[in-house]
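# Tertiary structure, described
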Amino acid sequence: MASLTFAAGLQIESEKNGLTTPKKALTNSKSPTVAELDEIELPDYGYFNNTNNKRQRNSTDISPDGPTTPTPAVTGYHTPKTPGELEAVTPPTPHHHHHHHQHVASIVPSWSYPTMNKWRVLCACLIYLGNGMNDSAPGALIPYMEAYYHIGYAIVSLIWVSNAVGFILAAFCTEILAQRIGRARALMTSEVIMVSGFVITACAPPFPGVVVAYFLVGFGYALNLALNNVFCANLANSTVILGAAHGSYGIGGILGPIVATSLVSAGVLWSRFFVIMIGIRVVCFFFAGWSFWNYEKEGVSQFANSLQQLASRQAASDLGEPTKLQLLRRALKNKTTIIGALFIFAYQGAEVSESGWFISYLLEYRNGSPAKVGYVTSGFWAGITVGRFTLTHLAHRVGEKRFVYAMGAGVILFQILSWQIPDVIGDSVAVAILGLLLGPVYPCAATVFTKLLPGNLQTMAIGFISGAGSSGGAVVPFLTGLIAQASGTWVLHPICIGFYVIMLGCWTALPKIAKKKV
């Protein structure tokens, strides 16, 4: 609700701005009159040519190709015909600024506009579901992989390291790839890379082959994650849409261990689980290609891009256009980026360690049987998913900052309980509740980071932060595996508690959120 009222406030405010500024820009023109111009929405400079102002004014519908014109209009490809238009083409700087606001308020793409967005959001959710299955399955499969390859915790942990290397490399390629070949082809490329990784693993090659396969999976995964995060975050009411997307990831997280454990306990070879993953990714490949195919040609997305260019062009008119590298430098100098990256590194590191090693802990210290204990991580993921769907609403009421402190304290408490309770059932319940409290922390943090980061750095900084998260999701489980090799899987608990403490420390160090002037 709060976000809706905020959006409404923005709309009214920006319309006020939008209505007052044209007077400045267009006072000299004889016709049309200022009063008439005041009533016209300005999605397209071309409208000034149209003599039928009445019809234009009454139409509330903005044609998808309308919004594509501001870029040429400002850069001078469009030859103005009336004095009014001439003034509109070269407005004073403040006019630009309000203009920018007005359009952001009036033509934000939503999940239902353009119409293909419904399918794109659905496609993003399916991709997230597959990613969730990919992340949660190793926890259930590791005991079988160790037995199959006769390797210990330390060696099997290498899959996380190669996964992370793929992830980090992809961070440098995503934006270039999306610009060169377009979003649809970039998403299809990511699916092809993931499928190739799963095909290798499904064949149960010698263990180095599995490590290479996880590198490929990590690379493809990072591509689709970055593209989808940016797509969802730029839609109207993005919190709800990102919630649904991350919820789908959680559902995948629940399904992964259930499917893997039921297959393996039925006597199927562990690697055949990845045949199912191949099936899901093939569907994602066609779905992404079909739904995103004309994405760049659509008015709204192009309009949003031209707005960004316009804003950055204006900011850079004196200094020259900032390059990607300069933007990255600026993002890295920003306190929020660094603290945010460390926060998500700790969060995801603890989360993936929990998901990956808790089953091994129960097998080693609670004498669980692999066929039954395999389902415990599903409980953990179910907790995360339910938490993301339900508790995030509470966060807006209480305030994100305070909410994360409360969740963090609860998480540490239940981590200690899951370590100290002496039986499998008690531990499983504790770890499920731990998931419930941990789940909403990620979306809350993402909301706060977005509020704290300036617009032109957001994509770059959030990309860097999620990259840091993924490397956390590799480094921490790997460390856990190394130390577990030396002294047993009980080390999972103190390691996780340590990272939760780091997480809360970063949260305290974040800058205060300034009330934004619209």
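Here the structure is a predicted model, which is why all the values come from computation and not from measurement.

### Thoughts on the overall build of the protein
If you tally the helices and strands in the protein, you get 22 helices and zero strands. Counting across all 518 residues of the protein, residues that qualify as buried make up 53%. Nonlocal contacts in the protein, meaning residues at least 24 apart in sequence, comprise 82% of its contacts between residues at least 6 apart.

### Focus: the packing of aromatic side chains
Evaluated as defined, the whole model comprises 24 aromatic pairs. Residues Y249 and W381 carry aromatic rings whose centres are separated by 5.5 Å and whose planes lie at 70° to one another, so their mutual orientation is edge-to-face. With Y249 in helix 11 (residues 238-265) and W381 in helix 17 (residues 376-398), the pair connects residues that are 132 residues apart, well separated along the chain. This pair shows no difference in class: Y249 is buried, exactly as W381 is.

### Quick notes on the nonpolar core
Counting 123 residues, the largest nonpolar core has L141, F207, W270, F274, F343, F449 and Y500 as its most contacted members. Looking at which element gives the most residues to this core, the answer is helix 9 (residues 158-202), with 14 residues.

### What about the packing of helix 15 (residues 335-365) against helix 21 (residues 455-487)?
Packed helix pairs are specified by the crossing angle of their axes together with the interaxial distance, meaning the distance between the axes. Two elements in contact, helix 15 and helix 21, have axes separated by 6 Å at closest approach and are oriented at 35°. Where helix 15 crosses over helix 21, the handedness of that crossing is right-handed. Looking at the contact of helix 15 with helix 21 residue by residue, the classes come out as 14 nonpolar, 14 polar and no charged.

### Observations concerning unusual backbone geometry
Apart from glycine, the bulk of residues carry a negative phi angle, and the bulk of peptide bonds sit in the trans form. For H150, which is not glycine, the phi torsion reads 55° and is therefore positive. Tracing the chain through its elements places H150 in the loop between helix 7 (117-149) and helix 8 (153-156). Relative accessible area serves as the criterion here: at 73%, H150 is assigned to the exposed category. The backbone of N367 shows a phi angle near 50°, a positive value even though the residue is not glycine. Take N367: it is sitting in the loop between helix 15 and helix 16 (370-373).

About the cut-offs
Residues numbered from 1 in each chain as written. Predicted model: local features only at pLDDT ≥ 70, side-chain atom pairs only at ≥ 80, totals over all residues. Heavy atoms only, no water. Helix = DSSP H or I, 4+ residues; strand = E, 2+ residues; numbered from the N terminus. Buried < 20%, exposed > 50% of the residue type's maximum accessible area, 1.4 Å probe, protein only. Contact = heavy atoms within 4.5 Å. Phe/Tyr/Trp six-rings, centres within 6.5 Å; stacked < 30°, edge-to-face > 60°. Core = buried A, V, L, I, M, F, W, Y, C linked by side-chain atoms within 4.5 Å. Axes fitted to C-alpha atoms, helices over the stretch in contact; angles between N-to-C directions. Left-handed = near helix turned anticlockwise from the far one by under 90°. Nonpolar A, V, L, I, M, F, W, Y, C, P; charged D, E, K, R; others polar.

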